[in-house]
Amino acid sequence: MFKNGCQSIPDVMSDYLEVIGAGLILKDPTPLGFDYLPERLVARLEVQRSLASRFTSLAHPTGAGRAVITGPVGSGKTSLVRRFCDDVSRRLAGTRDIAVAHINCRNENTTMQVMHKIVAQMDARHPDRGLSSGELLASIRRLVAARRGHLIVVLDEVDHLLRRAGNDILYHLLRIDEDADAEGTLSLILISQEQVLDVLEGAVISRLGASNHLRIPPYGPEELTDIARQRAELALRPGSWQEAHLSMIADTAATTGDARAAIELLETAVRNAEGDGRSELDADDIRRAAKEMPSSIGDGLVDELSLHQLLVLLAVCRRLRRADHVTSGDIDQLYAVVCEEHDVEERSHTTIWKIVKELELRGLISTEVAPVEHGRGRTTHVTMPSALPGDLIPRIDEQIPRRLR
Ligand SMILES: Nc1ncnc2c1ncn2[C@@H]1O[C@H](COP(=O)(O)OP(=O)(O)OP(=O)(O)O)[C@@H](O)[C@H]1O
Ligand SMILES: [Mg+2]
């Protein structure tokens with residue numbers, strides 16, 4: 001069947017697959033992956049030291065530590081703790097056997113699921129059915145004692161668990177260490193995006209130690225540039241990218257301070273460039289990536305806005321469909337038109353400005369002070385680096401009548 005020259009057909013047919021494995025820009029996809037944990041975290045030395053200071057007794061046979069870590073999305077909470085657990089287990093190898101159970105409570109959100117998971121991470125063959133929470137606790141204690149070691153339990157995104165299951169699990173885990181002759185069995189680290197302290201009971205807070213709460217700030221543009229550079233150096237071919245690309249990525253991601261957004265932008269930009277058969281990134285790849293990414297940023301957020309926030313955003317979007325920025329004076333006028341269309345009474349200039357700032361805090365728009373064109377003085381330029389105005393308008397139009405009811 002293939003003797004009559006048909007062999008060349010599959011080659012021709014799969015020409016479109018040329019980009020796969022061509023590695024025009026991408027040298028190694030691993031450092032751009034979700035789970036990749038760099039050896040060195042960028043710009044987090046101070047926070048790392050602060051976390052370590054809660055665990056100074058860990059080298060001692062009865063030492064344990066506790067910490068609660070909160071910070072916005074993509075501020076590196078999970079990476080901080082994973083890095084710490086890896087580093088500290090390595091550092092103490094030979095002194096103390098440190099086991100780590102890192103549980104994501106978005107997936108395991110009942111007390112029993114979490115306890116099972118902890119036991120399973122320490123002993124994969126442990127029977128997982130029919131045990132009570134007391135028996136599971138005893139198993140945890142036995143497993144740690146058998147290794148003469150120590151267990152660090154990390155409850156990541158713990159707000160999901162606390163909302164669903166209350167504080168019980170924390171009492172259980174904290175009690176392991178409070179029972180006689182089990183001192184130093186377990187360290188506990190809680191991680192959450194929101195103010196987890198709101199859902200923690202006073203008694204748990206006092207056991208965890210209020211001073212063990214570490215607040216992590218969002219990343220600024222320079223830190224995001226450094227994070228993007230670290231990944232570019234690891235994942236991309238030298239010469240295929242430039243510093244200017246990293247700054248563009250950082251400026252876009254800086255609206256939320258989210259390191260994940262910076263890494264995703266880099267990855268998408270590389271995909272765009274390679275898809276076009278190029279071996280070098282250009283600025284348009286980043287712009288396209290920024291526009292492709294974040295309807296997810298806009299989507300949920302638009303649904304949460306109040307009537308006047310929606311009206312101001314609509315005014316901004318209308319102009320930004322055709323222009324790259326809109327000035328504060330223009331927003332006042334465009335907003336007045338939008339209010340008239342919907343038969344809504346206008347708010348004052350001060351309120352509009354407050355709303356602009358609120359929209360910026362939510363990452364929907366960005367503001368920058370700029371000199372007035374053809375004149376003196378300064379004005380504010382509003383841009384939308386991380387969403388497409390054309391995508392947001394239908395969503396806003398859908399929401400406004402609901403607020404008017
Ligand atoms: N300081 C840093 N240096 C290098 N990479 C970082 C740093 N901080 C975060 N990252 C990377 O950014 C991404 C998001 O970080 P991480 O998952 O730790 O954030 P998070 O605060 O746990 O986010 P979430 O609130 O969504 O759980 C990861 O790929 C991580 O490797
Ligand atoms: Mg996380």
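### What to know about the site of ligand 1
In the vicinity of ligand 1 there are 20 residues, among which Gly76, Lys77, Thr78, Ser79 and Ala259 approach most closely. Those elements that provide at least two residues to the shell around ligand 1 are α3 (77–92), α9 (221–235) and α11 (259–275). Partitioned by chemical class, the residues of the shell around ligand 1 number nine nonpolar, eight polar and three charged. Viewed by domain, the shell around ligand 1 spans two of them, domain 1 (18–29 + 220–293) and domain 2 (45–215), each represented by three or more residues.

### Let's talk about α9
End to end, α9 covers 21 Å across 15 residues, agreeing with the expected 21 Å (1.5 Å per residue, within 8%). Within α9, burial applies to Glu223, Leu224, Thr225, Ile227, Ala228, Arg229, Arg231, Ala232 and Ala235. Close packing links the buried residues of α9 with α10 (243–253) and α11.

### A look at the packing of α9 against α11
The geometry of α9 relative to α11 is characterised by a closest axis approach of 9 Å and an angle of 45° between their N-to-C directions. One way to sum up the angle between α9 and α11 is to call them oblique. Crossing of α9 against α11: the hand is right-handed. Residue-level inspection shows Leu224, Ile227, Ala228, Arg231 and Ala232 of α9 in contact with α11, the latter providing Ala259, Ala262, Ile263 and Leu266. Here the residues of the contact of α9 with α11 sort into eight nonpolar, no polar and one charged.

### Section: the packing of helix α14 (residues 307–320) against helix α16 (residues 349–361)
Contact geometry for α14 and α16: axes closest at 10 Å, N-to-C directions at 85°. As summarised for this structure, α14 and α16 are arranged roughly perpendicular, according to the angle between their axes. Facing His308, Gln309, Val312 and Leu313 of α14, the residues of α16 in contact are Ile352, Ile355, Val356, Glu358 and Leu359.

### Considering helix α4 (residues 111–122)
The end-to-end C-alpha distance of α4, which contains 12 residues, comes to 17 Å, matching closely the 16 Å that a straight helix rising 1.5 Å per residue would cover. All buried positions along α4 are accounted for by Thr111, Val114, Met115, His116, Ile118, Val119 and Met122. Packed against the buried residues of α4 are β2 (97–104), α5 (133–146), β3 (149–156), α6 (158–165) and α7 (168–178).

### Some points on the sheet that holds strand β8 (residues 378–383)
Spatially, β6-β8-β7 is the arrangement adopted by the three strands of the open sheet, whose pairing is antiparallel. Edge strands, defined here as strands with exactly one partner in the open sheet, are β6 (326–327) and β7 (366–371). Direction of pairing for β6 relative to β8: antiparallel, over a ladder of two bridges. Note on β8: the bridge partner recorded for Thr327 is His381.

Reading the values: rules and limits
Residues numbered from 1 in each chain as written. Chains lettered and ligands numbered in written order. Predicted model: local features only at pLDDT ≥ 70, side-chain atom pairs only at ≥ 80, totals over all residues. Near = placed C-beta within 6 Å. Helix = DSSP H or I, 4+ residues; strand = E, 2+ residues; numbered from the N terminus. Nonpolar A, V, L, I, M, F, W, Y, C, P; charged D, E, K, R; others polar. Domains from an automatic or database assignment. Expected span 1.5 Å × (residues − 1). Buried ≥ 20, exposed ≤ 12 C-beta atoms within 10 Å, placed from the backbone. Contact = placed C-beta atoms within 7 Å. Axes fitted to C-alpha atoms, helices over the stretch in contact; angles between N-to-C directions. Parallel < 35°, antiparallel > 145°, perpendicular 65-115°, else oblique. Left-handed = near helix turned anticlockwise from the far one by under 90°. Pairing = 2+ DSSP bridges.

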